[in-house]
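# Structural overview for review
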Amino acid sequence: SNLKKYIDENIEFDIIGPVYRSNDYASHGYFDDLKNNNVETNIFNNQNLIKTHWIVGCTMFINLNKFENKKLFDENFFLFFEEFDLCRRVLKKGGKIYASNKLYVKHLGHKGSAVVDPKYEKESKFLRSWHWMWSSFYYYEKNFSYFYAIKCMYGKFLRSLIKMIYYRIFYDSEKFTMYYGRVCGIWNRFIGKKSWYRLKIS
C-alpha cells in the first residue's frame, strides 16, 4: 500500500529504496565526492522520502520509464557494487533517488545458498573476497580512472598479500582463503581480466 501511494501521487523518482529496522547494514547513503550535490537533507512533507545518493541493491523500487531500453545494471559486475554504479549513473543524468521511511525490509545478508552450507564455507569466503575486491577495482576504474583505482586499491592489495602469507605460515586456512581471494580479485582486475570466477557446486 505504501508503494502504491508513491505511484498514485505521481512522485517523480528514478529509484526508491527502503530502510532497515536494525542497524546491521546501511540501507542508503552518500558518495563522498558528491556530498555537496543532489542532496536534500529534509524529508519531503507527507511523503517520508529522503533524497540520497545510493540505495542498497537487495531491494529497489525502480521507475523503468526513466531508463532507455530498460537496461539497468552493468553486467560486468558480479555480487558487489552494481547498485552503486547504477545509482551514480542515475545521479549523473539528474535523476532522483530516495529512501523511504515508510518502507521497511529485513536484510538478512550473507545468506546465499552456498554460504549457509558448511560444506562450501571456505569456497564461499573465497568467492565473496574475490568479487568484493574485483568489483571495487572495476567500480573505481569505470567511474574515475584506472590509475585512480590503483591508488585506491594498492594498499588493500599489499595488506591482503602480507596477511595471506602470514596466515599461510601459521596454518589458519580460513583466513588464508579469505585474503588469498582478495589478492586474486584485485590482481585479476589489475591485469584487465573480466569477473570470471564462479563457485563450482556439485
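Residues numbered from 1 in each chain as written. Predicted model: local features only at pLDDT ≥ 70, side-chain atom pairs only at ≥ 80, totals over all residues. Heavy atoms only, no water.

### Things to note about the pattern of salt bridges
What counts is decided by this rule: By definition, a salt bridge exists where a carboxyl oxygen of Asp or Glu is found within 4 Å of a side-chain nitrogen of Lys or Arg. Every helix listed is a DSSP run of H or I at least four residues long, and every strand listed is a run of E at least two residues long, numbered separately from the N terminus. Only protein chains enter the area calculation, which uses a 1.4 Å probe; residues under 20% of their type maximum are buried, those over 50% are exposed, and those in between are partly exposed.
Evaluation of the coordinates by the stated rule reveals ten salt bridges. One salt bridge in this structure joins Glu 121 and Lys 125, with 4.0 Å as the shortest N-O distance. Residue Glu 121 and its partner Lys 125 are located together in helix α3 (residues 121-143), separated by four residues, close to a single helical turn. Judged by its relative accessible area of 38%, Glu 121 falls in the partly exposed class. Taken together, the salt bridges that share partners define one network made up of Asp 74, Asp 85, Arg 89 and Lys 142.

### Notes on the nonpolar core
For clarity, the cut-off: Throughout, nonpolar core names a set of buried Ala, Val, Leu, Ile, Met, Phe, Trp, Tyr and Cys residues whose side chains join them through atoms within 4.5 Å. Whether two residues are in contact is decided by their heavy atoms: any pair within 4.5 Å suffices.
Ranked by size, the top nonpolar core spans 30 residues in total, and within it Ile 15, Phe 31 and Ile 97 carry the most contacts. At the level of elements, β1 (15-20), β4 (54-55), α2 (82-92), β6 (97-105) and α3 are the ones that each hand at least two residues to this core. Not counting residues up to four positions away in its chain, the partners in contact with Ile 97 are Ile 15, Ile 50, Lys 51, Thr 52, His 53, Ile 55, Cys 87, Val 90 and Leu 91. By size, the runner-up hydrophobic cluster in this structure holds eleven residues, among which are Met 133, Met 153, Met 164 and Ile 186.

### Here we look at the pairing of β1
Applied cut-off: DSSP-based pairing: two strands are paired if at least 2 bridges between them are found.
Burial within β1 is extensive, with six of its six residues counted as buried. As paired elements, β1 and strand β5 (residues 61-62) share two bridges and run antiparallel to each other. Bridge pairing in β5 links Ile 16 to Phe 61. Relative to β6, β1 runs parallel, the two sharing five bridges. Among the inter-strand pairings, Gly 17 is bridged to a residue of β6, identified as Ala 99.

### Focus on the sheet that holds β6
The mixed open sheet is built from four strands, whose spatial order is β3-β6-β1-β5. Because the sheet does not close on itself, it has two edges, and the strands there are β3 (49-51) and β5.

### So, the packing of aromatic side chains
The following threshold applies: Two aromatic rings, drawn from Phe, Tyr or Trp (for Trp, its six-membered ring), form a pair once their centres lie within 6.5 Å of each other, and the interplanar angle then sorts them: stacked below 30 degrees, edge-to-face above 60, tilted otherwise. Only when the NZ atom of a Lys or the CZ atom of an Arg is both within 6 Å of the ring centre and within 35 degrees of the ring normal do we say a charge sits over the ring.
For the structure shown, the criterion picks out 26 aromatic pairs. Taken together, a centroid distance of 5.7 Å and an interplanar angle of 55° make the contact between Phe 81 and Phe 84 tilted. Per residue, the accessibility class of Phe 81 equals that of Phe 84, and both read buried. For the pair Tyr 146 and Phe 147, a centre-to-centre distance of 5.7 Å together with 75° between the ring planes defines the contact as edge-to-face. For Phe 147, a relative accessible area of 65% corresponds to the exposed category. The rings of Trp 54, Phe 80, Phe 81, Phe 84, Trp 132, Tyr 139, Tyr 140, Phe 144 and Tyr 148 are connected pair by pair, giving a single aromatic cluster. Here the basic side chain of Arg 198 rests over the ring of Phe 78, its NZ or CZ set 3.7 Å away from the ring centre.

### Side note on the pairing of β6
Pairing between β3 and β6: three bridges, direction antiparallel. If you follow Ile 50 over to β6, its bridge partner there is Ala 99.

### Some thoughts on the confidence of the model for the protein chain
Rules: By definition, pLDDT measures how confident the predictor is in each residue, and it falls between 0 and 100.
Averaged over every residue, the pLDDT of the protein chain is 88; the share at 70 or more is 89%. When the elements of the protein chain are averaged for pLDDT, helix α1 (residues 2-8) gives the smallest value, 86, and helix α4 (residues 146-169) the largest, 97.

### Focus: the side chain of Ser 195
Here is the rule we go by: The definition of a polar contact used here is a pair of N or O atoms within 3.5 Å, where within protein one atom must be able to donate a hydrogen and the other to accept one, and adjacent residues in sequence count solely through side-chain atom pairs.
Turning to its location among the elements, Ser 195 is positioned in the segment after α5 (173-190). A polar contact of 3.1 Å, which involves the side chain of Ser 195, links it to the side chain of His 131. Among residues more than four places away in sequence, those in contact with Ser 195 are Asn 76, Phe 78, Trp 130, His 131 and Trp 134.

### Let's talk about unusual backbone geometry
Although it is not a glycine, Asn 69 sits at a positive phi angle of roughly 60°. With respect to the element layout, Asn 69 can be found in the loop between β5 and α2.

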